[in-house]
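Take a look at the letters that make up each chain.
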Amino acid sequence: MEIVFLLAACMSIASVALICIFLFANGLPAMKEIGLDNFLLGRMWKPGADIYGIFPMIVGSVYVTGLALAMGVPVAILTAVYLAFFCPQKAYRVVKPAIELMAGIPSVVYGFFGIAVLVPLVRTISESVNGRGNSIFTAALLLAVMILPTVIGVIEPALRAVPRSYYEGALALGATHERSVFFAVMPAAKSGILAGIVLGLGRAMGETMAVIMVAGNQARMPKGVFQGIRTLTGNIVIEMGYATGLHREALIATGVVLFAFILIINMALTLIQRGEHR
Amino acid sequence: MNSSNAFEVRGMNLHYGSFHALKNIHLDIPKNQITALIGPSGCGKSTFLRSLNRMNDLVEGCRIDGDIRMDGEDIYGKIDVNHLRKRVGMVFQKPNPFPMSIYDNVAYGPRTHGVKNKPQLDALVEKSLKDAAIWDEVKDRLKKSALGLSGGQQQRLCIARALAAQPEVILMDEPTSALDPISTSHIEELALTLKDQYTIIIVTHNMQQAARISDRTVFFLLGEVIESGETEQIFSSPRDKRTEDYITGRFG
């Protein structure tokens, strides 16, 4: 019987290994041919002229992800605090499933919502600075909403897992409910909160469809948050359909870069959490 | 109200839902003395202790009637609960330092009550740690995590944390039950020195402990106060048969 479980476990390990092999085998030669410097730091992406610099896309992904976290994480933390410590039972039975439902909405639907609601909205509010509706800001706003269920889903249980003695200890010192929650319970849930943020980071960086639909997708350096941008994921999806030769390999190499980012984020989380437990 | 009493309890009843946990309690708790609450598990002594700083408010379905007065003021009347808890500090059964530095632990109370001035805060932290007899052990590592301390040290830190909020009364809920004998004797000595400045009410399962440190003893059984009086009298010539049975170890 044990062998069945082992096989099941091997499946996931094998997939990760195969993905790695595929990515690196196809991506690295292209990086070598283009030159690592030219590829990572080149500011021009012109497949027609065989110029493959993905720096604008790296910047795009970083901007969009960073801004999405800046907007989404505070909301997610406060929502988790609300669910864990303030929410009356009745409200919980409505709010919690609603948040879980958010996680199940296909990203293309989020994209539609973005096109129909956020793009015109952002166009209007950024008119004075000559902003576009399809922009970094719009994509970040949409992503901020999309990462909420993921981040809340990790942080809420982390807050609930904090021993009640911390809460009672703070209360017994004369602290209010709010103060006890924010300055005694939350510090104790630090590593769980961090894990939630990192998971949200990975989700935001990897999201493709919804971002393509609202980000404008210009493969050039952005000049402001209300200008269009193309992300690493967007770059791959938009051009993969017709790319051949070096162009195709350059797109796979873009995947390698994305993969490396996610790997670094995960490793950073592991290190931070290991430090916590010492 | 007799001004030498910290608490006066009259006709107090406490229910958890339909369970009658404390029955018609009448009790005076004098200031600047150590009052020990003893009795078998489930007799209501901890519940009584926690009703003095209204920690039972957290328990769903808990209902209290009767009269509990602190300095003549009905603590279940129109008062600020957080202010009450500042005046009535508490030390828990299991040491519960916050997962932050030693300094921040002790400063938690004062900061909560609006002390922001750094020199003032430093002085208060130092004084509280000294009063809790732990200053010498931690003075070089104030910025280190409190979780790195031993169990006994953690409990003294929790006492320091309670002192720093500048309470009038300190409630101790079996403060030594999780500690080794040496740490226990530290805490007991500490309680004896603290009673000059504070009123101390301690719940304990340890008869010797009650006899060693308390001035007065209250014996609880099945939610009732069976007997209360000078510790010496309770232990040498208890008036009630049940008290005698308990302190001589015949049950409980």
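Our subject is the structure listed above.
Basis of the calculations
- Counting restarts for each chain: residues are numbered from 1 in the order of the written sequence.
- For naming, the first written chain is A and the first written ligand is 1, with later ones following in the order written.
- Thresholds applied to this predicted model are a pLDDT of at least 70 for local features of residues and 80 or more for the giving and counting of side-chain atom pairs; totals over whole chains, interfaces and linings are not thresholded and use all residues.
- Based on all heavy atoms of the structure, the side-chain values leave hydrogens and waters out of the count.
- A pair of strands is labelled paired if DSSP reports no fewer than 2 bridges between them.
- Secondary structure follows DSSP: runs of H or I at least 4 residues long count as helices, runs of E at least 2 residues long count as strands, and numbering of each begins at the N terminus.
- When a carboxyl oxygen of Asp or Glu is within 4 Å of a side-chain nitrogen of Lys or Arg, the pair counts as a salt bridge.
- Buried means the residue's accessible area, taken with a 1.4 Å probe over protein chains only, is under 20% of the maximum for its type, while exposed means over 50%, and partly exposed covers the values in between.
- Residue contacts are defined here by distance: any two heavy atoms, one from each residue, within 4.5 Å place the two residues in contact.
- A simple way to read buried area is as the amount of 1.4 Å-probe accessible surface that goes missing from two parts once joined, with both sides added.
- Polar contacts, as used here, are pairs of N or O atoms within 3.5 Å; protein pairs need one atom able to donate a hydrogen and one able to accept it. Residues neighboring in sequence count only if both atoms are side-chain atoms.
- Charged residues are taken to be Asp, Glu, Lys and Arg, nonpolar residues to be Ala, Val, Leu, Ile, Met, Phe, Trp, Tyr, Cys and Pro, and polar residues to be all remaining types, Gly included.
- Cavities and pockets are found on a 1 Å grid laid over the protein atoms alone: a cavity is a set of points where a 1.4 Å probe fits but cannot escape, a pocket is an open set with protein on both sides within 12 Å along at least five of seven lines, and a lining residue has an atom within 4 Å of such a point.
- Grid points are joined across faces, edges and corners, and a volume is the space filled by probe spheres set on the points.
- Note on method: axes are straight lines fitted to C-alpha atoms, helices fitted across the in-contact stretch only, with angles between N-to-C directions ranging 0 to 180 degrees.

**Some words on the pairing of strand S10 (residues 224–230) of chain B**
Residue and element names in this part refer to chain B.
Then step 1. Examined bridge by bridge, strand S9 (residues 216–221) and S10 share 6 bridges and lie antiparallel to one another. Within S10, the position partnered with Phe219 by the bridge is Glu227.
Then step 2. Hairpin connection, S9 to S10: the antiparallel pair is bridged by 2 residues, and Leu222 has positive phi, about 50 degrees.

**Some words on the pattern of salt bridges**
Then step 1. Considering all chains together, one arrives at 24 salt bridges over all chains under this definition.
Then step 2. The salt bridge involving Arg203(A) is made with Glu207(A); its shortest N-O contact spans 3.4 Å.
Then step 3. Residue Glu207(A) is classed as buried on the basis of its relative accessible area, which comes to 7%.
Then step 4. Among the salt bridges present, the one from Asp71(B) reaches Lys31(B), with a minimum N-O distance of 3.2 Å. Taken together, the residues span a long stretch of sequence, with Asp71(B) in the loop between strand S4 (62–70) and strand S5 (73–74) and Lys31(B) in the loop between strand S2 (19–30) and strand S3 (34–38) at a distance of 40 residues.
Then step 5. The partly exposed category is assigned to Asp71(B), whose relative accessible area is 38%.

**Digging into the interface of chain B and chain A**
Then step 1. Across the contact, 25 residues belong to chain B and 19 residues belong to chain A.
Then step 2. Carbon and sulfur atoms supply 61% of the area that chain B and chain A bury against each other, a total of about 1,700 Å² over both sides.
Then step 3. Per-residue buried area on chain B facing chain A is highest for Leu58(B), Pro99(B) and Tyr108(B); these three make up 31% of the total on that side.
Then step 4. Counting across the interface, chain B meets chain A through 1 salt bridge.
Then step 5. With a shortest N-O distance of 3.2 Å, Arg50(B) and Glu168(A) are connected by a salt bridge.
Then step 6. There are 5 residue pairs in polar contact (both at pLDDT 80 or more) connecting chain B and chain A.
Then step 7. Of all the secondary structure elements, the ones that give two or more residues to the side of chain B that touches chain A are helix H2 (81–87), strand S6 (88–91), helix H3 (102–112) and helix H6 (151–164) of chain B.
Then step 8. Of all the elements, H3(B) adds the most residues to the side of chain B that touches chain A, at 4 residues.
Then step 9. Each residue belonging to the side of chain B that touches chain A can be placed in one class, and the counts come to 13 nonpolar, 7 polar and 5 charged.

**Quick word on the layout of surface pockets**
Residue and element names in this part refer to chain A.
Then step 1. For the second largest pocket, the calculated volume is near 240 Å³.
Then step 2. Mapped onto the lining of the second largest pocket, the elements with two or more residues apiece are helix H3 (55–86), helix H6 (136–160), helix H7 (164–172) and helix H8 (177–188).
Then step 3. Of the residues contributing to the lining of the second largest pocket, the split by class is 8 nonpolar, 1 polar and 2 charged.

**Some remarks on the sheet that holds strand S7 (residues 169–173) of chain B**
All names here are of chain B.
Then step 1. Pairing is mixed across the open sheet formed by 6 strands, whose spatial order is S6-S7-S8-S3-S9-S10. Two strands close off the open sheet at either side, each with one partner strand: S6 and S10. The sheet shows a mean angle of 15 degrees between the axes of neighbouring strands, direction not considered.
Then step 2. Those strands touched by H6 are S6 and S7, and its axis lies near 170 degrees from that of S6.

**Some words on H7(A)**
Then step 1. By the criterion of burial, H7(A) is predominantly enclosed, with 7 of the 9 residues buried.
Then step 2. Buried residues of H7(A): Tyr166(A), Tyr167(A), Glu168(A), Gly169(A), Ala170(A), Leu171(A) and Ala172(A), and no others.
Then step 3. Close packing links the buried residues of H7(A) with H8 of chain A together with helix H1 (45–51), H2, S6, H3 and H6 of chain B.
Then step 4. Backbone geometry just after H7(A) places Gly174(A) at a positive phi near 95 degrees.

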